[in-house]
Amino acid sequence: MRSLFSFVFLELVLVTAAHAQAGTCPDGKPIDGVARAGSSQHCLVIRRYEVPAPKWPQVVLIYLHGDNGGTIDWPANSTALALGSAVGATTIGVQRPGYRSELGTSDGQTSIQDDDYTSGNVEILADALKSLRVSYPGKRLLLVGHSGGAAMAALVAGRFPSAADGYLLVGCPCDVDRWREWRNSSAGKSGRWSKSLSPIREVAKIAPGTYLRVLVGDKDDNTLPKFSEAYVAALRESGNDTTVVYAAGSNHGTVRRSPELHKLAIEMAEKLSR
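Residues numbered from 1 in each chain as written. Predicted model: local features only at pLDDT ≥ 70, side-chain atom pairs only at ≥ 80, totals over all residues. Heavy atoms only, no water.

S.K.: How would you sum up helix α7 (residues 259–272)? Please name residues and give values.
M.R.: Compared with the 20 Å implied by 1.5 Å per residue over 14 residues, the 20 Å span of α7 between its first and last C-alpha is a close match. Of all the residues in α7, the buried ones are Leu261, Leu264, Ala265, Met268, Ala269 and Leu272. All buried residues of α7 fall inside an arc of 135 degrees around its axis, so they share one side. Structural note: α7 exposes Pro259 and Lys263 on the side pointing more than 90 degrees away from its buried face. Elements that come into contact with the buried residues of α7 comprise β3 (59–64), α2 (79–87), β7 (140–146), β8 (166–170), β9 (212–217) and β10 (244–247). (Helix = DSSP H or I, 4+ residues; strand = E, 2+ residues; numbered from the N terminus. Expected span 1.5 Å × (residues − 1). Buried < 20%, exposed > 50% of the residue type's maximum accessible area, 1.4 Å probe, protein only. Arc of directions from axis to C-beta. Contact = heavy atoms within 4.5 Å.)

Below is the structure:
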């Protein structure tokens, strides 16, 4: 009993000390790993969801939302909480760069057009993940991104390989150029994004052996399965052995609640805990 108490007390001391040393965001809020993550130059708004008696206490699941024109809500029953509860791990919902919510505004750039998978935003996200490592010393970070959040996670994996320990891309528009062409043609529109990076163009930056998995709904009519398939094919050519997992009957939205997502995230959390 004494050894267990000592372990819990030591972990509490380490986390408290990490929070005390982390600094302050540009908006004056502390970089605490609970409401803010980042540096004195830029911070992201975050929301931590605690899971009672987590099954994987050594894992922190970090969830990146999809595109929504610069605004987002953080309801109590959010996708982040549902996923964390299903997996059994402390979960942090990250508000992407430039996004606004009732919790504040994340630093960075976005717009109603969602053309924001930029190098600057990727760097801001990587800095936030770096600060979360300080806030949660000794934990393994599992980064889960949906839609545009998946694209951002893929870009981080290539440009900042130590940002997380595992990456799960869900409904990823990983071939941005082809995806935007298809979205425009299907809606009878014209024009291309001019700012966003495309993950498929950066697969060579992802080190062989990176723990990365890809999931897409087989009924996804937004980020079509072929975009995930093309990305995985490019990954395999560059030396990363991964495959596409399909969520049966799921579209672009419902894949976030699919049993395939929960199963894959649990498998990754288990492996990261070994």
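After that view of the structure, there is still more to cover.
S.K.: Which residues make up the side chain of Thr91, and what values do they have?
M.R.: By the element assignment, Thr91 lies in strand β4 (residues 90–94). Polar contacts involving the side chain of Thr91 include one to the main-chain carbonyl oxygen of Ala89, which spans 3.0 Å. The residues touching Thr91, leaving out its near neighbours within four places in the chain, are Arg47, Arg48, Tyr49, Leu61, Ala80 and Gly84. (Polar contact = N/O pair within 3.5 Å; in protein donor to acceptor, adjacent residues only side chain to side chain.)

S.K.: How would you sum up the nonpolar core? Please name residues and give values.
M.R.: One broad trend across soluble globular proteins is that nonpolar side chains are buried collectively. Judged by nonpolar contacts, the single largest core of 49 residues is most densely connected at Leu169, Leu212 and Tyr231. With eight residues, the top contributor of residues to this core is helix α4 (residues 148–159). Discounting chain neighbours no more than four positions away, the residues touching Leu212 are Ala157, Tyr167, Leu169, Ile206, Tyr231, Leu235 and Thr242. Core analysis: the next-biggest nonpolar cluster, separate from the first, contains 26 residues, Val59, Leu215, Ala247 and Leu264 among them. (Core = buried A, V, L, I, M, F, W, Y, C linked by side-chain atoms within 4.5 Å.)

S.K.: An account of the side chain of Ser198 is requested, with residue identities and associated values reported.
M.R.: On the secondary structure map, Ser198 appears in the loop between α5 (176–187) and β9. Judged by its relative accessible area of 6%, Ser198 is buried.

S.K.: Describe the packing of α2 against α7, listing the residues and the values that go with them.
M.R.: Relative orientation of the contacting elements α2 and α7 amounts to 60 degrees, with a least axis distance of 9 Å. Classified by the angle their axes make, α2 and α7 are oblique. Of the two elements, α2 crosses α7, and the hand of that crossing is right-handed. From α2, Ala82, Leu83, Ala86 and Val87 reach across to α7, where they touch Leu261, His262, Ala265, Ile266 and Ala269. For the contact of α2 with α7, a count of residues per class yields eight nonpolar, one polar and no charged. (Axes fitted to C-alpha atoms, helices over the stretch in contact; angles between N-to-C directions. Parallel < 35°, antiparallel > 145°, perpendicular 65-115°, else oblique. Left-handed = near helix turned anticlockwise from the far one by under 90°. Nonpolar A, V, L, I, M, F, W, Y, C, P; charged D, E, K, R; others polar.)

S.K.: An account of the pairing of β4 is needed here, citing residue identities and associated values.
M.R.: In terms of residue burial, β4 counts as a mostly covered element, since five of its five residues are buried. Alternating positions in β4 separate into two faces, Thr90, Ile92 and Val94 on one and Thr91 and Gly93 on the other, with burial throughout. Judged from the four bridges that link them, strand β2 (residues 43–49) and β4 form a sheet pairing that is antiparallel. Each bridged residue has a counterpart across the sheet, and for Ile46 the counterpart in β4 is Val94. Looking at chain direction, β3 and β4 are connected through five bridges and run parallel. From the neighbouring strand, Leu64 faces β4, where its bridge partner is Val94. (Pairing = 2+ DSSP bridges.)

S.K.: I'd love a proper account of the packing of aromatic side chains, names of residues and values included.
M.R.: Aromatic rings considered in pairs are described by the distance between their centres and by the relative angle of their planes. Evaluated as defined, the whole model comprises two aromatic pairs. Where Tyr117 meets Trp193, the ring centres are 5.3 Å apart and the plane angle is 85 degrees; that geometry is what we call edge-to-face. Taken together, the residues Tyr117 in the loop between β6 (104–105) and α3 (119–135) and Trp193 in the loop between α5 and β9 connect sequence positions 76 residues apart. When its relative accessible area of 0% is taken as the criterion, Tyr117 is described as buried. On the basis of an interplanar angle of 85 degrees and a centroid distance of 5.5 Å, the ring pair of Trp179 and Trp193 is categorised as edge-to-face. Here Trp179, found in helix α5, pairs with Trp193, found in the loop between α5 and β9; they are 14 residues apart in sequence, far enough to count as distant. Residue class for Trp179 comes out buried when judged on its relative accessible area of 4%. Using a relative accessible area of 15% as the deciding quantity, one classes Trp193 as buried. An aromatic cluster of at least three residues, connected via ring pairs, comprises Tyr117, Trp179 and Trp193. (Phe/Tyr/Trp six-rings, centres within 6.5 Å; stacked < 30°, edge-to-face > 60°.)

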